[in-house]
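# Coordinates in review
So you can see what is in the structure, the chains are spelled out below.
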Amino acid sequence: MESINNKEDVLILAIESSCDETAAAVVKNGREVLSNIIFSQIDLHTLYGGVVPEIASRKHIEKINQVIEQALKEAGVTLDDITAIAVTYGPGLVGALLVGVSAAKAIAFAAGKPLVGVHHIEGHICANYIENKELEPPFGCLVVSGGHSHLVRVKDYGEYEIIGRTRDDAAGEAFDKVARAIGLGYPGGPKIDKVSKEGNPDAIHFPRAKVDENVYDFSFSGLKSAVLNYLNQCEMKGIQIVVPDVAASFQKSVVDVLVEHSMQAIKEFGFKKFAIAGGVASNSGLRAAFEDACAKRKIEFYHPSPIFCTDNAAMIGVAGYYEYIKGVRSGMDLNAVPGLKLGER
Ligand code: KG4
Ligand code: ZN
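First things first, this report covers the structure right here in the doc.

Cut-offs and rules
- Residues numbered from 1 in each chain as written.
- Chains lettered and ligands numbered in written order.
- Predicted model: local features only at pLDDT ≥ 70, side-chain atom pairs only at ≥ 80, totals over all residues.
- Heavy atoms only, no water.
- Helix = DSSP H or I, 4+ residues; strand = E, 2+ residues; numbered from the N terminus.
- Rg over C-alpha atoms; globule rule 2.2 N^0.38 Å.
- Buried < 20%, exposed > 50% of the residue type's maximum accessible area, 1.4 Å probe, protein only.
- Contact = heavy atoms within 4.5 Å.
- Lys, Arg positive; Asp, Glu negative; His and termini not counted.
- Charge placed at Lys NZ, Arg CZ, Asp CG, Glu CD.
- Pairing = 2+ DSSP bridges.
- Axes fitted to C-alpha atoms, helices over the stretch in contact; angles between N-to-C directions.
- Near = heavy atom within 4 Å.
- Polar contact = N/O pair within 3.5 Å; in protein donor to acceptor, adjacent residues only side chain to side chain.
- Nonpolar A, V, L, I, M, F, W, Y, C, P; charged D, E, K, R; others polar.
- Domains from an automatic or database assignment.
- Donors = N, O, S within 2.8 Å, 3.2 Å for Na, K, Ca; no water.
- Tetrahedral: all angles 85-135°; square planar, octahedral: opposite > 155°, others 65-115°.
- Salt bridge = Lys/Arg side-chain N within 4 Å of Asp/Glu carboxyl O.

A tally of regular secondary structure across the protein gives 11 helices and 10 strands. In terms of overall dimensions, the protein is globule-like: its C-alpha atoms have a radius of gyration of 20 Å, near the 20 Å expected for 345 residues. Considered along the principal axes of its C-alpha atoms, the protein spans approximately 70 × 45 × 40 Å. Counting all 345 residues of the protein, 55% fall into the buried class. When contacts within the protein are restricted to residue pairs at least 6 apart in sequence, those whose partners lie at least 24 apart make up 73%. Counting 35 positive and 43 negative side-chain charges, the protein places the centres of these two groups 2 Å from one another.

It is worth spelling out the sheet that holds strand β9 (residues 273-277) at this point. Judged by pairing direction, the sheet is mixed, and its 5 strands sit side by side in the order β8-β7-β6-β9-β10 without closing on themselves. Each edge of the open sheet carries a strand with a single partner, namely β8 (159-165) and β10 (300-302). In this sheet, neighbouring strand axes are inclined to one another by 20 degrees on average, regardless of whether the strands run parallel or antiparallel. Of the strand pairs in this sheet, strand β6 (residues 139-144) and strand β7 (residues 149-156) are connected by 6 bridges, and their pairing is antiparallel. By the bridge assignment for β7, C141 is matched with V152. Sitting on the sheet, helix α4 (residues 120-131) touches β6, β7, β8, β9 and β10, and the angle it makes with β6 is about 120 degrees.

Before going further, it helps to examine the site of ligand 1. For ligand 1, the set of nearby residues contains 19 residues, the closest of which are G146, D176, G189, D193 and N283. Backbone polar atom of G146 to an oxygen atom of ligand 1: 2.8 Å apart, as the coordinates give it. A distance of 2.7 Å separates an oxygen atom of ligand 1 from a polar side-chain atom of D176. Those elements giving two or more residues to the shell around ligand 1 turn out to be α4, α5 (171-181) and α6 (188-196). A breakdown of the residues in the shell around ligand 1 according to their chemical character gives 4 nonpolar, 12 polar and 3 charged. Mapped onto the domain boundaries, the shell around ligand 1 takes at least three residues apiece from domain 1 (11-126 + 309-325) and domain 2 (137-304).

Turning next to the coordination of the zinc ion (ligand 2). Coordination of the zinc ion (ligand 2) by the protein comes from H120 (NE2), H124 (NE2) and D311 (OD), over a distance range of 2.0 Å. Angles of 96 to 133 degrees at the metal separate the 4 donor atoms of the zinc ion (ligand 2), which places the site in the tetrahedral class.

Glancing now at the pattern of salt bridges. In total, this model carries 16 salt bridges according to the counting rule given. Here R58 ties to E54 by a salt bridge, and the two come within 2.7 Å at their closest N and O atoms. One end of the pair is R58 and the other is E54, both in helix α2 (residues 53-75) and 4 residues apart, which spans about a single turn. For E54, a relative accessible area of 47% translates into the label partly exposed. Among the ionic pairs, E323 bridges to K326, the shortest N-O distance being 3.8 Å. Given the relative accessible area of 5%, E323 is considered buried. Here the salt bridges share partners, and the residues they tie into one network are D169, E173, K177 and K224.

Written out as structure tokens, the structure reads:
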């Protein structure tokens, strides 16, 4: 029988707590997920219509040890088998990040294991390596989550260049705000995705914003305002809104902009492969549009399964592996960096 841990195998215990998921995972040799434990706090925050940082930090403290123990147990390993500890140290909510960073430092110190600090967005990008064993850099990647919308040139493992970013709201943030306005509640992305299937995406024409200075940058706050204006006008005129139509039209507007910018980047930078990542990458409309646009251009298209799109620790384990084999090590002075930039250490 093949043993879980050969001497040459690199086993990463990964920890993620940057927002409202307390997560731990064990990843073998960068691409094989042995366990992926996620405690989602969504139900707690739904009550307030969004993530409450103080509540998130307290819940992380309550859950972190349990989640780590479960990740080791499900992987069938002990701390002795682990090669290194990887942890998200930014960007994210400072109090939330600190819980994961402190836990990782304590374990690394007590067990005498190397510590590797990981960038959360790098984790999202690396989620694509889990189920696509053949995927290797270089490729282009669109990272769309609740906190970020980045168009990234993945030059090599751990080497990134941001070619476009949002000027205001992140794509996921726009989904969450519009969902709240049309009464769907939090988290908005999955709810808009679901109801859009029953709506007409061409019912209302919402704007597709362009940013003049950089064609790859995004802006979603104008779109959000356009939806709010539409809702106000309907209310003033006594017109009943058709929720699925508003949701589908809004979603189409976001998807059109994301696909158009990405296709322009594919052309300009000559990417042969393109991937999507982050919570919004699990959107069914976005996936379908990318499948289609990439197929037309004979570009290989990659995306993680929904469980690896939203926040998880397996993706941090993958990114941590590639940083680890490159020789990256963090000290016991590793701190949470809420505004950490991609490619910075
Ligand atoms: O990556 P993630 O879990 O957390 C951050 O790093 O921000 O992304 C969460 C975001 C939320 O805004 C959520 O509404 C959005 O991803 N999301 C979706 C879908 N599933 C999650 N947006 C659109 N369609 C979905 N199916
Ligand atoms: Zn995330």
